[in-house]
Amino acid sequence: MTLPQSSIDPAFRIYLSLVQYPILQKRIRAQMRYEMFKRGIISAEDFNSQVRTLAVESQRREGLIDPFAEEPEDVWLARLEYIRNYLTDFHFANDLSFELFEEITRSVLEERGALQDEWETNWNAELAPQEILVEQAIRISRLPEEERKAFEASLEEIKVVLIRNMISDQLAYIKVAKKWFTLEDLLDIRERKIGSGKVGGKAAGMLLAKSILSAVADDDIRESIRIPESYFLGADVMYAFMAHNNLMRWSDQKYKSEDEIRANYPQILEDYLRGVFPADIRDELQYILHDIGNKPLIVRSSSLLEDNFGTSFAGKYESHFCPNQGTPEENFREFERAIIKVYASALSPDPLLYRRSKDLQDYDERIAVLIQMVQGEQMGGYYLPHAAGVGFSQNLYRWSPQIERDAGFVRLVWGLGTRAVDRVGDDFPRLVALSHPLLHSHSEPQSLQRYSQKKVDLIDLKANQFRTLPVQKVLHSRYPILRYIAQLYYDGYLAPLRSSLKVEPEDLVINMDEMLQRTPFADRMRRMLGLLEKHYHAPVDMEFAVQFVNLGSRTPDVEISILQCRPQSLLQETEVTIPKALKKENLVFTTSQVLPHGQVDEIDSVIFVTPEGYHQLQTSQERTALVRAIGQLNKRLMGKTFICVGPGRWGTSTPDLGVGVGYSDIYYSSALVELSGKGVGLAPEPSFGTHFFQDLLESSIYPLAIDLDDGNSYFNRQFFYETRNRLLEYLPDAGFLTDVLRLIRVKDFRKGWHIKLVIDGEAGKAAAFLQEETE
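Quick summary incoming for the structure in this document. This one's a predicted model, so the numbers in the text were calculated from it and none came from an experiment.

**Digging into the pairing of strand β10 (residues 409-413)**
Most of β10 is tucked away: 5 of the 5 residues are buried. Across the two faces of β10 the burial is the same, with Phe-409, Arg-411 and Val-413 and Val-410 and Leu-412 all buried. Pairing between strand β9 (residues 387-392) and β10: 5 bridges, direction antiparallel. Directly across from Gly-391, in β10, lies its bridge partner Val-410.

**Section: the pattern of salt bridges**
A complete count under the given rule lists 37 salt bridges for this structure. Residue Asp-188 is joined to Arg-192 by a salt bridge in which the shortest nitrogen-to-oxygen separation is 3.8 Å. With relative accessibility at 42%, the residue Asp-188 sits in the partly exposed group. The closest approach of N and O atoms between Arg-726 and Asp-748, which form a salt bridge, is 2.5 Å. Taken as a pair, Arg-726 in the loop between α29 (717-722) and α30 (727-730) and Asp-748 in helix α31 (residues 746-749) lie far apart in primary sequence, 22 residues in all. Residue classification places Asp-748 among the partly exposed positions, given a relative accessible area of 28%. In this structure, a network of salt bridges that share partners links the residues Asp-218, Asp-220, Asp-523, Arg-524, Arg-527 and Asp-557.

**Some thoughts on the environment of Gly-293**
Inspection of the secondary structure assignment puts Gly-293 in the loop between α16 (279-292) and β4 (297-303). The exposure class of Gly-293 is partly exposed, given its relative accessible area of 36%.

**Describing the packing of aromatic side chains**
In total, this model carries 18 aromatic pairs according to the counting rule given. Relative to Phe-101, the ring of Phe-92 lies with its centre 6.2 Å away and its plane at 70 degrees, an arrangement referred to as edge-to-face. A residue is classified by how much of its surface remains accessible, and Phe-92, at 3% relative accessible area, is buried. You can call Phe-101 buried: its relative accessible area is 4%. Note on Phe-241 and Phe-277: the rings are 5.0 Å apart at their centroids and 45 degrees apart in plane angle, and the pair reads as tilted. With a gap of 36 residues between them, Phe-241 in helix α14 (residues 236-244) and Phe-277 in the loop between α15 (258-273) and α16 connect regions that are remote in the sequence.

Calculation rules
Residues numbered from 1 in each chain as written. Predicted model: local features only at pLDDT ≥ 70, side-chain atom pairs only at ≥ 80, totals over all residues. Heavy atoms only, no water. Buried < 20%, exposed > 50% of the residue type's maximum accessible area, 1.4 Å probe, protein only. Helix = DSSP H or I, 4+ residues; strand = E, 2+ residues; numbered from the N terminus. Pairing = 2+ DSSP bridges. Salt bridge = Lys/Arg side-chain N within 4 Å of Asp/Glu carboxyl O. Phe/Tyr/Trp six-rings, centres within 6.5 Å; stacked < 30°, edge-to-face > 60°.

As structure tokens, then:
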């Protein structure tokens, strides 16, 4: 293939004058291709196909057969770029005029002012392409220190523009990030990013937390913190995928009714899963898998709004583990499907209705993707970290007066951290008050055993899948960290493991006591969270994974991998007082199981799920119908003040242990009250720290629990069971649910009265009581 010289000789002279500006050459060629595609000289799809075909042919001429295994990524990408430039010049020279080329070149040069010897002349960082921004920043950073001082303001402007273009345009984030990100940090992000667009909130928080701690933390923290090997799929790639697979017809989903949103999602997921990525994106994804090898990875959503100040979107979008243990073809298809599922989850009911409730419906919410190697190590046929969880710089769950709120709180598990942040109904993480890490929320050994972790999330390497297994099936006496995560439960007592030679897994309790006592984890986590809160200028929460090191030492060390960091959701606390002389006939309920602090005035309705009726539901279809009915009531009661009361755990993923609503089913409620006791279920483990709990706090929904067996609690059965049920007035077709779902109007119990709920977090008491409307 020979280029016609007569067509490109004049242009070539201009190119020679631009040799020292390869970024401009790239910009000019991009505009040339745009004109070729726009004028129908060749389609973008055919052009990219030609580039790939010629690249593979050139490999074969060099004796290469498998491009992904035999050629390094940077060589392959350079090959593609060389051939892309060659074909651009060839097609343009053959089919379009030199005058058009000259016009393109002059336009680029005049617009950017890039051939100026002094970059401060006619320089506008806001309008400059990213390549030129990076080039200018590098030039400034290479100046001698004395000369560089004159351009510090320019360098800060470039950093801010790069942060806004690559990471986040949220001003609260930029205000903090510009102080801590170095140019090297930003260049590293750019090197690991595929496609255009921002890397999203989840990636942004992780990177910022690492930068802050690396700059200001004590030596022991700086030496022990890590972030996983990570890659970023830019947010704009989502639209490229949608356009490539004719999926743009779903882009108006956020403006549809709630019923349409719910009804359409199964079809959306099916349509998305039939899609594939454009060839150039697939090539770069292939190289990520080649670099990672057969190590497990996780594909995580990182939307533009995620992990923001005031809107965390915690758990709204999906994340998927890829064990990565199959053939290269199988691994890539599962990897691609995981990314596609994350994209599809942007159109699922929970995030769309969450956005609607936060007045964010009109925001162009694109989903970036964070691709990370799973932190952990192989344990026989399994892969998991030594510990993981989520930490909070402010402790809202203080079960003892001596616990310090400002010291922080951790939900800690053995294995993958999904069991710490997801509200699983049949398991209990270790709850750690960082001011008193060895202080349990229960004192009796039987209770400690009962409310301990019973299952572990891990990667099953042989089965090539993410699994949840009983801890007894995974633990064995030769596990090196066994003594740090478990204690022996024997004859009603707990004791540290002195020797693991004769220990049976069935006799072990996962409580993390020895880890908290014999490693610097608790102290280090407390200081880390405190520093992040100080420099975020707001309370934070941070997801993490832990690896023990120096196990032969009497005091092993720990490495802490930062997986995610974001502002902590907090309710707006106000001064409250529970009246001292409440008459019993005016009480609706009281409880001492209190987390937040505040009050709800003028409650006129209560959605009550009866424990007896709920436990008589036999099928998943019946329970799903109940959840849908609650969601419909939530929508119908918009504008009214109401609370929800029901058995077990609201929002659990285990229907036997509670009502499995999602955020989109209850977001107009003012409080969720969980009932436990004999015949009702286990006392609910506090949900503080889960994604569901984050939703409640952000929406000012107060979580409460009532143990019906607790003599200090009170529950007015007459109010809940004998007041008229108005369910059928709102949902005429829900007759089959009248024994399980009750809609109570307060005025039906006592005309002219409403309920006031007062929660005193400092005193550890809450009371809901009747109050006359004139009071």
